Amino acid sequence: MEQTIGNLGQEIQQPSKPYKNLAEEGVWQSRVNTLLAIIPELDDGIKGHPKGSIELGDGFVLLHKWDKGLWLPSGEEAQAISEFIGKNQPLHHFKW
(Lines give C-alpha, C1' and ligand atoms only; values in the text may rest on other atoms or scores of the structure.)
Protein backbone atom coordinates (compact mmCIF):
# COMPACT_ATOMS: atom_id res chain seq x y z
CA MET A 1 0.00 0.00 0.00
CA GLU A 2 2.82 2.42 0.86
CA GLN A 3 4.52 1.68 -2.47
CA THR A 4 1.29 2.38 -4.35
CA ILE A 5 0.86 5.70 -2.55
CA GLY A 6 4.48 6.56 -3.30
CA ASN A 7 4.07 5.70 -6.98
CA LEU A 8 0.92 7.80 -7.26
CA GLY A 9 2.66 10.66 -5.45
CA GLN A 10 5.44 10.62 -8.05
CA GLU A 11 2.89 10.91 -10.85
CA ILE A 12 1.50 14.21 -9.59
CA GLN A 13 2.63 16.82 -12.09
CA GLN A 14 0.96 19.98 -10.77
CA PRO A 15 1.44 20.52 -7.04
CA SER A 16 -1.16 23.32 -7.06
CA LYS A 17 -3.96 20.71 -7.03
CA PRO A 18 -2.32 17.64 -5.46
CA TYR A 19 -5.47 15.85 -4.30
CA LYS A 20 -7.26 16.28 -7.61
CA ASN A 21 -4.19 15.06 -9.50
CA LEU A 22 -3.70 12.16 -7.10
CA ALA A 23 -7.33 11.12 -7.57
CA GLU A 24 -6.98 11.29 -11.37
CA GLU A 25 -3.83 9.15 -11.27
CA GLY A 26 -5.60 6.62 -9.06
CA VAL A 27 -8.55 6.42 -11.46
CA TRP A 28 -6.20 6.08 -14.45
CA GLN A 29 -4.25 3.27 -12.78
CA SER A 30 -7.49 1.51 -11.86
CA ARG A 31 -8.65 1.68 -15.48
CA VAL A 32 -5.36 0.24 -16.71
CA ASN A 33 -5.52 -2.59 -14.16
CA THR A 34 -9.13 -3.33 -15.13
CA LEU A 35 -8.25 -3.52 -18.83
CA LEU A 36 -5.30 -5.80 -18.10
CA ALA A 37 -7.52 -8.07 -16.01
CA ILE A 38 -10.17 -8.26 -18.74
CA ILE A 39 -7.78 -8.46 -21.72
CA PRO A 40 -4.45 -9.94 -20.57
CA GLU A 41 -3.11 -9.79 -24.14
CA LEU A 42 -2.68 -6.02 -23.69
CA ASP A 43 0.16 -6.60 -21.21
CA ASP A 44 3.34 -6.38 -23.26
CA GLY A 45 5.25 -8.07 -20.45
CA ILE A 46 8.02 -5.46 -20.48
CA LYS A 47 9.30 -5.16 -16.95
CA GLY A 48 12.49 -3.81 -15.57
CA HIS A 49 14.34 -0.57 -15.25
CA PRO A 50 13.87 2.50 -17.44
CA LYS A 51 15.93 2.94 -20.60
CA GLY A 52 19.30 4.48 -19.85
CA SER A 53 19.42 3.35 -16.24
CA ILE A 54 22.35 1.47 -14.72
CA GLU A 55 21.86 -1.32 -12.21
CA LEU A 56 24.22 -0.80 -9.29
CA GLY A 57 23.44 -4.00 -7.40
CA ASP A 58 21.82 -4.60 -4.01
CA GLY A 59 18.52 -3.36 -5.46
CA PHE A 60 19.84 0.08 -6.41
CA VAL A 61 19.48 1.63 -9.87
CA LEU A 62 21.09 4.82 -11.15
CA LEU A 63 18.56 6.71 -13.27
CA HIS A 64 19.49 9.05 -16.09
CA LYS A 65 18.91 12.80 -15.95
CA TRP A 66 15.32 13.86 -16.52
CA ASP A 67 13.99 17.35 -17.20
CA LYS A 68 10.35 18.25 -16.66
CA GLY A 69 10.44 20.93 -19.32
CA LEU A 70 11.84 21.35 -22.79
CA TRP A 71 15.07 23.27 -23.30
CA LEU A 72 16.89 24.62 -26.31
CA PRO A 73 20.65 24.02 -26.30
CA SER A 74 22.89 27.08 -26.48
CA GLY A 75 26.57 27.93 -26.58
CA GLU A 76 28.97 24.99 -26.74
CA GLU A 77 26.13 22.46 -26.43
CA ALA A 78 24.39 23.91 -29.49
CA GLN A 79 27.67 23.99 -31.43
CA ALA A 80 28.46 20.35 -30.62
CA ILE A 81 24.97 19.18 -31.57
CA SER A 82 25.04 21.22 -34.79
CA GLU A 83 28.36 19.69 -35.80
CA PHE A 84 26.97 16.22 -35.08
CA ILE A 85 23.64 16.53 -36.94
CA GLY A 86 24.86 18.90 -39.65
CA LYS A 87 25.17 22.66 -39.90
CA ASN A 88 22.02 23.12 -42.02
CA GLN A 89 19.77 21.17 -39.65
CA PRO A 90 17.66 23.18 -37.17
CA LEU A 91 18.08 22.60 -33.46
CA HIS A 92 14.98 21.37 -31.68
CA HIS A 93 13.86 21.63 -28.10
CA PHE A 94 15.00 18.64 -26.07
CA LYS A 95 13.56 16.73 -23.15
CA TRP A 96 15.88 14.20 -21.57
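No experiment lies behind these values; they were computed from the predicted model shown. Throughout this document, residue positions are counted from 1 along each chain, in the order its sequence is written. Two thresholds apply to this predicted model, a pLDDT of at least 70 for residue-level local features and 80 or more for giving and counting side-chain atom pairs, whereas whole-chain, interface and lining totals are computed over all residues. In computing side-chain values, all of the structure's heavy atoms are included and hydrogens and water are not.

A. Layout of the overall build of the protein. Think of it this way: any DSSP run of H or I at least four residues long counts as a helix, any run of E at least two long counts as a strand, and we number them from the N terminus. From N to C terminus, the protein includes 3 helices and 2 strands. Order of helices (α) and strands (β) in the protein, N terminus to C terminus: α-α-β-β-α. Looking at the protein as a whole, 9% of its 96 residues qualify as buried. We call two residues in contact when some of their heavy atoms are within 4.5 Å. Within the protein, residue pairs in contact and separated by at least 24 positions form 21% of the contacts whose partners lie at least 6 positions apart. Per-residue accessibility, obtained with a 1.4 Å probe over protein chains only, is compared with the maximum for each type, and a residue is labelled buried under 20%, exposed over 50%, and partly exposed between these values.

B. Structural view of helix 3 (residues 75-85). Ala78, Ile81 and Ser82 are the residues of helix 3 that are buried. The buried residues of helix 3 occupy one face: seen down the axis, they fall within an arc of 100°. Turned more than 90 degrees from where helix 3 packs its buried face, Glu76 and Phe84 sit exposed. In this context, the arc is that of the directions from the helix axis out to the C-beta atoms.

C. Region of the structure containing unusual backbone geometry. Its identity is not glycine, yet Asp58 carries a phi of approximately 55°, on the positive side. By secondary structure assignment, the location of Asp58 is in the loop between strand 1 (54-57) and strand 2 (60-62).

D. Molecular detail of the pairing of strand 1. DSSP-based pairing: two strands are paired if at least 2 bridges between them are found. With 3 bridges connecting them, strand 1 and strand 2 associate as antiparallel partners. Considered in strand 2, the bridge of Glu55 is made with Val61. A loop of 2 residues connects strand 1 with strand 2, the two strands running antiparallel in sequence, and Asp58 in this loop sits at a positive phi of about 55°.

Shape is all these values report; function is a separate question.
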